[in-house]
Amino acid sequence: MAFAGIQRRMTKLARRQMTVAEIAEFFERLAVANPEPVTELAYANGYQLLVAVVLSAQATDVGVNKATKRLFETVHTPQQMIDLGEDGLKSHIRTIGLFNAKARNVIALSHRLVNDFGGDVPDNRDTLETLPGVGRKTANVVVSVLFGQETCAVDTHVFRVANRTGMAPGKTPLLVENAIMKRVKPPWRRHAHHWLILHGRYTCTARSPKCAVCPVNDLCQFRAKMDAPAPG
Ligand code: SF4
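Figured I'd write up the structure that's included with this text. (Residues numbered from 1 in each chain as written. Predicted model: local features only at pLDDT ≥ 70, side-chain atom pairs only at ≥ 80, totals over all residues. Heavy atoms only, no water.)

It is worth spelling out the site of the ligand at this point. In the region of the ligand, the neighbouring residues are T165, H199, C204, P209, C211, C214, N217, C220 and F222. For the shell around the ligand, the residue count by class is six nonpolar, three polar and no charged. (Near = heavy atom within 4 Å. Nonpolar A, V, L, I, M, F, W, Y, C, P; charged D, E, K, R; others polar.)

Written as structure tokens, this is what we have:
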């Protein structure tokens, strides 16, 4: 899986684990700049969000939004997706990686939604995970964004930031997710996923983390972090 190579490099990146108090301070600072972080995927209803998240596996949100712009103008429900058909869907999403498999899964999950759930998106992670193309990460995003449940989907950004900083170290996405759910306390847990994704996407980037301008530099336990410049 995509995490395999990263996992080897992620062991013992941090000098020590952050304390619970440091974690609270970490999110308090990120919340100053962005009190209500939201997904950068474009969608107009729950079904479109589910489809967008399925399409976003190993793809960027920007790339998914470009592909779904025209699609979501006419397809708002699973039945409309079924009517569009697999080939019709492929014509919209062929710029996205793995588009053949994703198109197959989106059509199959649309049939399941129509046949078993009256066209609605289930509000339960375990049920969502039974849908074609929906894994734990996708299900976590959907129940968090649509239904306000306290979950934390671990993608490559969350995985990297949690390990580097010492917030929630772990060798697998599931271990990191469990550590986040244990160590990040309310009220920060609710939006931890989006704060960590955005921090990883724009500041704590994979190749050149912007440590010199990072608002949580003094809290971060990353062994290789660059010190922030002295004030004044
Ligand atoms: S100090 Fe550097 S490594 Fe630590 S969270 Fe900030 S950007 Fe990431």
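With that settled, consider the pattern of salt bridges. A pair can form between side chains of opposite charge whenever their charged atoms are brought close. Evaluation of the coordinates by the stated rule reveals ten salt bridges. Residues E86 and K90 are paired through a salt bridge, measuring 3.7 Å at the closest nitrogen-oxygen approach. Here E86 and its partner K90 are both found in helix 5 (residues 78-93), four residues apart, which amounts to about one turn of the helix. Linked by salt bridges that have partners in common, E25, R29 and D218 make up one network. (Salt bridge = Lys/Arg side-chain N within 4 Å of Asp/Glu carboxyl O. Helix = DSSP H or I, 4+ residues; strand = E, 2+ residues; numbered from the N terminus.)

With 33 residues, the main nonpolar core has Y47, L50 and M81 as its most contacted residues. Put simply, the parts of the chain that give this core at least two residues each are helix 3 (46-55), helix 4 (61-74), helix 5, helix 6 (99-117) and helix 8 (136-147). Here this core gets eight residues from one element, more than from any other, and that element is helix 3. Those residues in contact with Y47 that lie beyond four places of it in its chain are V75, H76, T77, P78, M81, V106, L109, S110, L113 and V121. Judged by nonpolar contacts, the second largest core, of 27 residues, contains F27, A31, W188 and C204. (Core = buried A, V, L, I, M, F, W, Y, C linked by side-chain atoms within 4.5 Å. Buried < 20%, exposed > 50% of the residue type's maximum accessible area, 1.4 Å probe, protein only. Contact = heavy atoms within 4.5 Å.)

Turning next to helix 4. Given 3.6 residues to a turn, an α-helix orients residues that are three or four positions apart in the same direction. Across its 14 residues, helix 4 extends 20 Å between first and last C-alpha, which sits within 8% of the 20 Å expected from 1.5 Å per residue. At T68, helix 4 shows its strongest bend, of approximately 45 degrees. Within the span of helix 4, buried status applies to D61, V64, N65, A67, T68, L71 and F72. Tucked into the core, helix 4 has its buried residues touching helix 3, helix 5 and helix 11 (189-202). (Expected span 1.5 Å × (residues − 1). Bend = angle between axes of the 7 residues up to and from the residue.)

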